[in-house]
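What follows is each chain in one-letter form.
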Amino acid sequence: MSFQFECPNGHLLEGTPDQAGQQCHCPTCGMLFLIPEPVVEAPSPPGIVFPGAPAAGGNPLAPQGPELLHIPCPNGHELETPPEMLDQDVLCPQCQAQFTLRRKNSVEFKRQQEELEMIRMAKLSKAWLQGAIVAVVLIVIGLGALIAIRIASRN
Ligand SMILES: [Zn+2]
Ligand SMILES: [Zn+2]
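Note that the coordinates shown come from a computational prediction; the quantities given were computed from them, not determined experimentally.

Reading the values: rules and limits
The written sequence of each chain sets the order in which its residues are numbered from 1. Chains and ligands are labelled by the order in which they are written, letters from A for the one and numbers from 1 for the other. Residues qualify for local features only when their pLDDT is at least 70, as the model is predicted, and side-chain atom pairs are given and counted only at 80 or more; totals for whole chains, interfaces and linings, by contrast, use all residues. Derived side-chain values reflect all non-hydrogen atoms in the structure, with water molecules and hydrogen atoms excluded from consideration. The rule for donors is simple: N, O or S, within 2.8 Å of the metal, or within 3.2 Å if the metal is Na, K or Ca. Water isn't counted, so a site may look like it is missing partners. Under this scheme a four-donor centre is tetrahedral when all angles range from 85 to 135 degrees, a four-donor centre is square planar and a six-donor centre octahedral when opposite donors are above 155 degrees with the rest from 65 to 115, and any other centre is irregular. Here a helix means four or more residues in a row that DSSP labels H or I, a strand means two or more in a row labelled E, and each is numbered from the N terminus. The rule is simple: take the accessible area with a 1.4 Å probe, protein chains only, and divide by the maximum for that residue type; under 20% is buried, over 50% is exposed, in between is partly exposed. UniProt positions are given in the numbering used here, feature names are shortened, and annotations may be inferred rather than shown by experiment. In protein, a polar contact requires one atom able to donate a hydrogen and another able to accept it; more generally it is a pair of N or O atoms within 3.5 Å, and residues adjacent in sequence count only if both atoms are side-chain atoms. Two residues qualify as a contact provided that any one of their heavy atoms is within 4.5 Å of a heavy atom in the partner residue.

**A short note on the coordination of the zinc ion (ligand 1)**
Then, number 1: Within the protein, Cys 7 (SG), His 11 (ND1), Cys 26 (SG) and Cys 29 (SG) serve as the donor atoms for the zinc ion (ligand 1), at 2.0 to 2.3 Å.
Then, number 2: The site at the zinc ion (ligand 1) holds 4 donor atoms, and with the angles between them running 101 to 114 degrees, its shape is tetrahedral.
Then, number 3: Mapping the donors of the zinc ion (ligand 1) onto the primary sequence yields the spacing C-x3-H-x14-C-x2-C. Of this pair, His 11 sits in the loop between β1 (3–6) and β2 (12–15) while Cys 29 sits in the loop between β3 (23–25) and β4 (32–34), placing them 18 residues apart in sequence.
Then, number 4: Residue classification places His 11 among the partly exposed positions, given a relative accessible area of 25%.

**Notes on the UniProt feature "transmembrane region" (unreviewed entry) in the protein**
Then, number 1: What UniProt calls "transmembrane region" (unreviewed entry) maps, in this numbering, to residues 127–152.
Then, number 2: Structurally, residues 127–152 comprises 100% helix and 0% strand, and the distance from its first C-alpha atom to its last is 37 Å.

**As for the coordination of the zinc ion (ligand 2)**
Then, number 1: Coordination of the zinc ion (ligand 2) by the protein is provided by Cys 73 (SG), His 77 (ND1), Cys 92 (SG) and Cys 95 (SG), with metal-donor distances spanning 1.9 to 2.3 Å.
Then, number 2: Positions of the donor residues of the zinc ion (ligand 2), expressed as sequence spacing, correspond to C-x3-H-x14-C-x2-C. Of this pair, Cys 73 sits in the loop between β5 (69–72) and β6 (78–81) while Cys 95 sits in the loop between β7 (89–91) and β8 (98–100); the two residues are 22 residues apart in sequence, bridging distant segments of the chain.
Then, number 3: Relative accessible area serves as the criterion here: at 4%, Cys 73 is assigned to the buried category.
Then, number 4: Residue classification places Cys 95 among the partly exposed residues on the basis of a relative accessible area of 27%.

**Some words on the side chain of Thr 81**
Then, number 1: As for its placement among the helices and strands, Thr 81 is situated in strand β6.
Then, number 2: A distance of 3.2 Å separates a polar side-chain atom of Thr 81 from the backbone oxygen of Leu 79.
Then, number 3: Ignoring anything within four residues of it in the chain, the contact list for Thr 81 reads Glu 67, Leu 68, Leu 69, Ile 71 and Leu 101.

Given below as C-alpha cells:
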C-alpha cells in the first residue's frame, strides 16, 4: 500500500508507509527531506442537521431611502430634490430656468399643508357642529321654557 506525499517544493511523490521518517531526495528537484507519516483520512462523519437551527437572515428591515422632495421649477417641471440640496439655486434640467429649491415649494410640503388644513377644517367644522348642537339644545330648552311659561300664565 503506497501513499502520496509532497516534497518541500510541492512535488507529489509516492512511497510506502514503512518509508515514513526516512530521508529521501526528491527526484524532481533533488531536495533532501524526511518522508512524512502517511495521513490516514478518517471517514468524515455524516453531516448532522439540526432541525431547530435558527435560520440565517433574521429580521431584515428595509433600508429607508433618503427623503426626496419634489420641487417644481417656475415652469412646472418637478425636480427630485434630496434634502441637502434645499435652499440652493439650481437650473431646471428641462427648461434651464434658474430657481431656488425651497421646501415650502415642494409637492410634499404642500401636501402636508393641505393635510394640516384639512385637519384644521375638520376640527373647525366639528367645533361648529358642537356649537350648533348647543344652540339647538338651548333653543329647544328656551322654547320649552316659553311654552311652560305660557301654560303657567293661562292658569
Ligand atoms: Zn521536489
Ligand atoms: Zn423646468
